[in-house]
Amino acid sequence: MTHRAVSGTPPMAPPMHHARSDEEIARALTSTSSARFSERLIGYALAACGLLSVLTTVGIVAVLIEEALQFFGDVSAVDFLFGTTWTALFANGSFGVLPLVSATVLIAALSMVVAIPVGLLVAIYLSEYASPRVRAVVKPVMELLAGVPTIVFGYFALTFITPSILRKVVPGTEVFNVMAAAIAVGIMVVPLVASLSEDALAAVPRALREGGYGMGATKMEVATQVVVPAALSGIVASIVLAISRAFGETMIVAIAAGSKAQIADDPFESAQTMTGFMVQAFSGDVETGSTVYKSLFAVGLLLFLITLVLNLISNRIVARFREAYD
Amino acid sequence: MSAMSGGADSVATDLLDSTPMRGRVRRARLFLILLYAAAAFTVGALGVLIGTTLIDGWRYLSLDLITNLPSRRPEAAGLYVALWGTVMVIGLTVLFAFPIGVGAAIYLEEYGPKNRLTKLLQLNISNLAGVPSIVYGLLGLGIFAVWFGLGRSLITGALTMALLILPIIIIAAQEALKAVPPSLREAAYGLGATKWQTTWHHVLPSAVPGILTGTILAVSRAIGETAPLLVAGASAFLLFKPTGLDSNYTVLPMQIYNWTSRPQQEFQDLAAAGIIVLLAVLLLMNSVAIIIRQRYSRKLRG
Amino acid sequence: MSALTVKTVLTSDRPVLDASADVQISIRDLDVHYGANHAVRDVTFDVPRQAVTALIGPSGCGKSTVLRSINRMNDLIPSARVEGEIRYHGVNINDPAIDPVIVRRNIGMVFQKPNPFPKSIYDNVAWGAKINGHKGNMDELVESCLRRAAIWEEVKDKLKESGLSLSGGQQQRLCIARALANDPDVILMDEPASALDPISTLKIEDLMRELARNYTIVVVTHNMQQAARVSDRTVFFSLNDQRQGVLIEAGATADMFTNPRDQRTEDYITGRFG
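This one's a predicted model, so the numbers in the text were calculated from it and none came from an experiment.

**Describing the overall build of chain C**
Broken down by element type, chain C carries 11 helices and 10 strands. Relative to the compact-globule value of 19 Å for 274 residues, chain C shows a C-alpha radius of gyration of 19 Å, a close match. For chain C, the C-alpha atoms occupy an extent of roughly 55 × 55 × 35 Å along the three principal directions. Here chain C holds 274 residues, and 60% of them are scored as buried. Considering only residue pairs separated by 6 or more positions, chain C has 67% of its internal contacts joining residues 24 or more positions apart. For chain C, the computed accessible surface area is about 10800 Å², with 50% contributed by carbon and sulfur atoms.

Below is the structure:
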């Protein structure tokens, strides 16, 4: 870069002439710039990127429904939805999905017994109590925990939770069991519940807390009786999302809960979830177009619908919560 | 109460007498213990998880683990093929998902009109982020493997994974774009810049640290995913590293799953060693994200 | 397409009220709506060439809105609707057929808060010229713009440093230099000194007077003394009883400050001075 002075441009410049005449400017103003066309092209390209996400949804729905419909040609929808025997991988198997659903629901419910209290207490701790120094430890731990792949939690459930804890406390526990999977799923979703609930707690206006303190309430009373109720919808939304995640969780249950498709009533026995069945089937050879192959999509469709409804509910709650405080 | 009936002196005695507070104080202390316990539980869970895995897998941690091919004998088995598979699948995944994800985010934040349609698009994206990953596997199987006829190939896996992390990248990039101050856009528009010039020269560079951090988190997620690739056709046991887009492939978590599901203790310990490698890769990724964030924020501060 | 555009623009049925050669921009019947809110109503005035025109009035009276209509910045606000005629070089630049990008390349803008790009001082000035296809010597252009913005002496040894490393007053002069690089003939300034200390403010005011020798300047200010010091012409806005911004009077600054025609102008001017 050269820094030589431009001749004839002292600090106080004499009147200068603009490079363009009035006519030139007028002509430029009324012309259609070529940039305008390429701008529009770029706009379309970006919109196409956004549209791909719509296509993804359409693709998911189309694939699931198409194969599921074919499946319902082989097996009646009523037998599928209300049947209590699932022996899909046997010859002339039976396709009653209730055993898979019962295991899925039981694991999701038990996992919430871990995730809701722990997640909520951690959220309250981080938002209302923790000193910056403790925060600096707990926050990164939560982020790390959230980043641990589910296969690792599965390994942890199978090789630690079952042998080192459950079988010591409840001696009859099977090697593969619902409880170990549920505990691991619960730990896995703690960061989700904690971080979303903490956001909800942090969004509660200061004035509300001060109102509580002004009436002589202790810190705990303010936290549990003022802040938590005020943030309740945000907390509920985080729990609904966590339930949805637990329903769709795959590798933990595939590894730790086993593959015995039976109505799940004893958490210390083995059971197979919807996702667990999919993993078992795909780990072997499934012939494309067979009834088993199609049944996988029917189970997938059911899972997709359940989680979709849960996600929509959660979204709805969050949207309403935002309205309340914005 | 005495404060009502008595004079100033009885108020003073009330302030000094903590008897009525005693129950509340005890409850508050109990609550605090519960809070500590919850925090300790999560920190402890992560500690035990990493600790037991290290103890189990320590024996198999060596260079051989990374350079050996899979084998039916645990002492000779390694992650070579799976590591190559992960590198190639994830590389392609990023190649597809990053530009499209950032493009979609730019459309939503900078270009798209704020109307019902974009709202619907936004809702669609946030719902996609909540679809179970195994369902993406079914999508990949149905569309890429069967309908497009790509089979159980590397490219099927990468495309499936790209769709899986697309919503995560879009949402992260949107957050980063939202954080760019409007005054920067005004400055550029005021100089007669077009929308694209404004976006490309000023808005995007300012959003880069946020976009990259979000992308790395999304890619970390993809590296650890097993279910979608298991469904979309990753192999369980493979003796060759992938050579082309149509090759068979396996990935790190698939190999770990394969080892975990064998009954022999040796293979389970090998799985632990594999998990240590997987976690090390993820930790490395996160460190890179932190470095990028710091370097860029220093540069922008000027 | 473009021929048709020219025709519709030039055959606009509105009478050109002031066609004298020294009028740079003439604004006729300007109305601005933000959604259902009618923010500015029926504003008409002329901006003389190579002089400083000050837009003054109480806050919320729409003076900034009028300013931002002149270079179509209101296009960026989805809910904004600007109606009326803004004639510039014989063209109604408020016509939707006119590309706002080209308007802004000719009518530069300086904002209330200094907003240099997070780039080097050199790149801050050069960028506008670059995207507009400047063909000449870039170093010379950067230097001459920085000189005309009276900041060259302060930055000539650190052109590669970030524009954000400068003080607030320097940043604002950098933003003026940046606007000059496009070779505009009009520069709009939206309270350019309101975020600055008194000494920096004086420098900006001196600069405005200096620039008015070559450029047409329209400045929004809430500072009465500033309007009196720098402007040749003053346009006074206020709110009517429906809380819409309306023009009360426009005229030579000296006349308006010594002999306001409207009582409201007098109240405002004296109130601020008192």
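**A closer look at the environment of E249 of chain C**
Residue and element names in this part refer to chain C. Note on placement: E249 falls in strand β10 (residues 245–252). Relative accessible area serves as the criterion here: at 5%, E249 is assigned to the buried category. Residues E249 and F236, 13 residues apart in the sequence, show an inter-C-alpha distance of 5.4 Å. Polar side-chain contacts of E249 include one of 3.1 Å to the backbone nitrogen of R261.

**Overview of helix α7 (residues 133–147) of chain B**
Residues and elements named next belong to chain B. The terminal C-alpha atoms of α7 lie 20 Å apart, and with 15 residues this matches the ideal 21 Å at 1.5 Å per residue to within 8%. Remark: the principal bend of α7, roughly 30°, maps to G140. With 13 of its 15 residues buried, α7 lies for the most part within the structure. Looking at the residues trailing α7, positive phi occurs at G149, about 70°.

**Some words on the environment of F41 of chain B**
Relative to the helices and strands, F41 of chain B is located in helix α3 (residues 22–57). According to the relative accessible area criterion, F41 of chain B is partly exposed, its value standing at 35%. Leaving out residues up to four positions away in the same chain, F41 of chain B has contacts with V114, V118 and I187 of chain A.

**What about the nonpolar core?**
Soluble globular proteins: nonpolar side chains tend toward being buried together. Ranked by internal contacts, the top residues of the largest apolar core, which has 194 residues, are I60, W86, I124, F153, F277 and V299 of chain A. Inspection of this core shows a minimum of three residues originating in each of domain 1 (16–60) and domain 2 (64–301) of chain B. Residues within four places of I60 of chain A in sequence aside, it is in contact with F304 of chain A together with L128, V131, V135, Y136 and L139 of chain B. Among the nonpolar cores identified, the runner-up in size contains 48 residues, and V125, A126, I217 and M224 of chain C belong to it.

**Topic: the pairing of strand β3 (residues 52–56) of chain C**
Residue and element names in this part refer to chain C. With respect to burial, β3 is a largely interior element, 5 of its 5 residues being buried. Of the two faces of β3, the one carrying V52, A54 and I56 and the one carrying T53 and L55 are both buried. Two strands pair when backbone bridges link them, and β3 and strand β8 (residues 216–220) are joined in this way by 4 bridges, in the parallel orientation. What sits directly across from A54, in β8, is V219. With 4 bridges connecting them, β3 and strand β9 (residues 233–239) associate as parallel partners. What sits directly across from L55, in β9, is V235.

**Here we look at the interface of chain B and chain A**
Listed by partner, the interface residues are 70 residues for chain B and 70 residues for chain A. Across the chain B to chain A interface the summed buried area is about 5900 Å²; carbon plus sulfur atoms make up 80%. On the surface where chain B and chain A come into contact, there are 9 residue pairs in polar contact (both at pLDDT 80 or more). Among the elements that make up the side of chain B that touches chain A, the one with the highest residue count is α3 of chain B (20 residues).

**Here's the deal with the side chain of S162 of chain C**
Counting through the fold element by element, S162 of chain C comes out in the loop between α6 (152–155) and α7 (168–180). At 3.0 Å, the side chain of S162 of chain C forms a polar contact with the backbone nitrogen of L164 of chain C.

**Section: the packing of helix α4 (residues 98–129) of chain A against helix α5 (residues 132–147) of chain A**
All names here are of chain A. Following both chains from N to C, one finds α4 and α5 inclined at 140°, their axes separated by 10 Å at the closest point. Here α4 runs over α5; the crossing is left-handed. For the pair α4 and α5, contact is made by V122, Y125 and L126 and by V134, R135, V138, K139 and M142, respectively. Among the residues forming the contact of α4 with α5, the class breakdown is 6 nonpolar, no polar and 2 charged.

**Focus: the confidence of the model for chain C**
For chain C, per-residue confidence averages 87 on the pLDDT scale, and 91% of positions sit at 70 or higher. Note that residues 1–21 of chain C has pLDDT below 50 and, in this model, 24 contacts with residues that lie over four places away or in other chains.

**Some remarks on the state of the cysteines**
Residue and element names in this part refer to chain C. Inspection of the entire model under this criterion finds 0 disulfides over all chains. Residue C145 stays outside any disulfide, its sulfur separated by 13 Å from that of C175, the closest cysteine. The exposure class assigned to C145 is buried, which follows from its relative accessible area of 0%. Take C175: its relative accessible area is 2%, and that puts it in the buried class.

**So, the confidence of the model for chain A**
Residues with a pLDDT of 70 or more make up 91% of chain A, whose mean pLDDT is 89. With pLDDT under 50 throughout, residues 1–15 of chain A is counted as low confidence; its partners more than four residues away or in other chains account for 27 contacts.

**Quick word on the side chain of T150 of chain A**
All names here are of chain A. Topologically, T150 is positioned in helix α6 (residues 150–169). Under the relative-accessibility criterion, T150 is labelled buried at 18%. Not counting the four nearest positions on each side in its chain, T150 is found in contact with M188, E249, M251 and I252.

**Quick notes on the interface of chain B and chain C**
Much of the literature gives interface size as the accessible area that the parts lose upon coming together. At the junction of the two partners, chain B supplies 18 residues and chain C supplies 24 residues. Our enumeration of links across chain B and chain C arrives at 1 salt bridge. Taking the shortest distance from any N to any O, the salt bridge between R68 of chain C and E186 of chain B comes out at 2.5 Å. Looking at which element gives the most residues to the side of chain B that touches chain C, the answer is helix α9 (residues 182–190) of chain B, with 7 residues.

**Digging into the packing of aromatic side chains**
For the structure shown, the criterion picks out 17 aromatic pairs over all chains. Judged by centre distance (5.4 Å) and plane angle (75°), the rings of F71 of chain A and F80 of chain A are edge-to-face. Overall, the relative accessible area of 1% leaves F80 of chain A in the buried class. Members of the aromatic cluster, each reached through a chain of ring pairs, are F71, F72, F80, W86, F95 and F277 of chain A. Seen from the ring of W84 of chain B, K241 of chain B lies directly overhead, with NZ or CZ sitting 4.2 Å from the centre. Across the ring face of F267 of chain B, the terminal group of R262 of chain B is positioned such that the distance to the ring centre comes to 4.3 Å.

**A short note on the environment of D269 of chain B**
Along the chain, D269 of chain B falls in helix α13 (residues 265–301). Look at D269 of chain B and you get buried, because its relative accessible area is 10%. When the C-alpha atoms of D269 of chain B and R59 of chain B are compared, they prove to be 8.0 Å apart, with 210 residues separating the residues in sequence. Look past the residues within four positions of D269 of chain B in its chain and what remains in contact with it is Y155 of chain A together with D56, G57, R59 and Y60 of chain B.

Quick notes on the rules
- Residues numbered from 1 in each chain as written.
- Chains lettered and ligands numbered in written order.
- Predicted model: local features only at pLDDT ≥ 70, side-chain atom pairs only at ≥ 80, totals over all residues.
- Heavy atoms only, no water.
- Helix = DSSP H or I, 4+ residues; strand = E, 2+ residues; numbered from the N terminus.
- Rg over C-alpha atoms; globule rule 2.2 N^0.38 Å.
- Buried < 20%, exposed > 50% of the residue type's maximum accessible area, 1.4 Å probe, protein only.
- Contact = heavy atoms within 4.5 Å.
- Areas by Shrake-Rupley, 256 points an atom, 1.4 Å probe, with all protein chains shown as cover.
- Polar contact = N/O pair within 3.5 Å; in protein donor to acceptor, adjacent residues only side chain to side chain.
- Expected span 1.5 Å × (residues − 1).
- Bend = angle between axes of the 7 residues up to and from the residue.
- Core = buried A, V, L, I, M, F, W, Y, C linked by side-chain atoms within 4.5 Å.
- Domains from an automatic or database assignment.
- Pairing = 2+ DSSP bridges.
- Buried area = accessible area lost by both parts, 1.4 Å probe.
- Axes fitted to C-alpha atoms, helices over the stretch in contact; angles between N-to-C directions.
- Left-handed = near helix turned anticlockwise from the far one by under 90°.
- Nonpolar A, V, L, I, M, F, W, Y, C, P; charged D, E, K, R; others polar.
- pLDDT = per-residue confidence, 0-100.
- Disulfide = S-S within 2.5 Å.
- Salt bridge = Lys/Arg side-chain N within 4 Å of Asp/Glu carboxyl O.
- Phe/Tyr/Trp six-rings, centres within 6.5 Å; stacked < 30°, edge-to-face > 60°.
- Lys NZ or Arg CZ within 6 Å of the ring centre and 35° of its normal.

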